[in-house]
Amino acid sequence: MRLLTAAVTSIALALGAQAAVAAPVEIKFSHVVAENTPKGQMALKFKELVEARLPGKVEVKVFPNSQLFGDNKVLEAMLLGDVQMAAPSLSKFQKYTKKLQIFDLPFLFKDMDAVERFQNGPEGQELLGSLRKKGLVGLGYLHNGMKQLSASQPLKTPADAAGKKFRIMTSDVLQAQFEAVDAVPLKKPFSEVFTLLQTKAIDGQENTWSNIFSKKFFEVQPYITESNHGVLDYLVVTSAEFWMGLDDDLKAEIQKALNEAIKYGNGIAAEKADSDKQKIIASKRSEVLELTDAERAQWVEAMRPVWKQFESEIGADQIKAAEAANN
Ligand code: LMR
């Protein structure tokens, strides 16, 4: 009898082990934007590629629009194993590293080509590992685009922003940037921005054309200044525990699919930076304001001292490398 029980137990264990091996790895990918955005499209492309190439082995579930977690919670949830991938904007990592703050410095990058050059260079690549000590792994950068300023009143010079309340992402650099023009920055989750603008609890915000369009901010903001004053890009992250637990072949396939999905998302980012802007102009809900060189120079002069304020946390060499990427 004892022998029989032992035999039954070992068969059950073997079957159990087989079932465990056979169960697909589940990747929950959580993000906060709409699906018709560079990040939304990248995440869906990643799912498509992974599931086509690793059928039955990996399943990707994408949760857009802060459905699963907002960016203020997602990294904690990742460390607890409740979500496996996310791509928060680079402005949302300051609790985990001060190094990525470089991307928030106002007027540092002249355009997205400069951002791309910096990210692909040695300094940018080194920053991918800046979260390692905190148990997170940076798998790649993804573009959204240059940020614009939207408001309830026209913003042409820094004096126009003085005293106005602006929603910002959770970044001390962005806080300093708005304080530099005597505005009042408020750190708020992305999911609350539309309502804050609609109810006039705040006067304005900064974001990319695709976010302003897809979340309908332009419908409740009569003016958008084409300032291109900063960049909003993402870091695709996972937890070290999850990543190190995958076998090497699987990891390589997932990383390859992600690289392709990022390339695809970057193409959409470039296209949407123009097409979503045109859609906003065509809607006539919001007036797009251009800055003269003299007006732009005033914003640069007012905001540029922020670089010095954060130089010791970010690193002077990193800032120099980023500036060099403009040429
Ligand atoms: C924001 O909070 O404004 C952005 O980070 C949203 C996003 O993910 O593009």
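Residues numbered from 1 in each chain as written. Predicted model: local features only at pLDDT ≥ 70, side-chain atom pairs only at ≥ 80, totals over all residues. Heavy atoms only, no water.

As recorded in an unreviewed UniProt entry, the protein goes by the name DctP family TRAP transporter solute-binding subunit, listed as coming from Neptunomonas marina.

What follows is about the nonpolar core. Core analysis: the biggest nonpolar cluster contains 58 residues, and Phe29, Met42, Phe46, Ile254 and Trp299 have the highest contact counts within it. With seven residues, the top contributor of residues to this core is helix α11 (residues 248-283). Other than its neighbours up to four places away in sequence, Phe46 contacts Ile27, Phe29, Val60, Met85, Ile254, Ala257, Leu258 and Ala261. Residues Val74, Met112, Met146 and Val173 belong to the second largest nonpolar core, which totals 39 residues. (Core = buried A, V, L, I, M, F, W, Y, C linked by side-chain atoms within 4.5 Å. Buried < 20%, exposed > 50% of the residue type's maximum accessible area, 1.4 Å probe, protein only. Helix = DSSP H or I, 4+ residues; strand = E, 2+ residues; numbered from the N terminus. Contact = heavy atoms within 4.5 Å.)

Take the pairing of strand β4 (residues 136-146) next. Burial of β4 is extensive: 11 of the 11 residues sit out of reach of the surface. Looking at chain direction, β4 and strand β10 (residues 231-239) are connected through nine bridges and run antiparallel. Counterpart to Gly138 in the pairing with β10 is Val237. (Pairing = 2+ DSSP bridges.)

Two elements, strand β6 (residues 165-168) and strand β7 (residues 184-187), share four bridges in a ladder whose sense is parallel. Each residue of the ladder has a partner; that of Arg167, found in β7, is Leu186. Each parallel crossover has a hand, and the one from β6 via helix α7 (residues 172-179) to β7 is right-handed. As judged from the two bridges shared by β6 and strand β8 (residues 204-207), these two strands associate in the parallel manner. What sits directly across from Phe166, in β8, is Gly204. (Right-handed = clockwise from strand over helix to strand, strands pointing away.)

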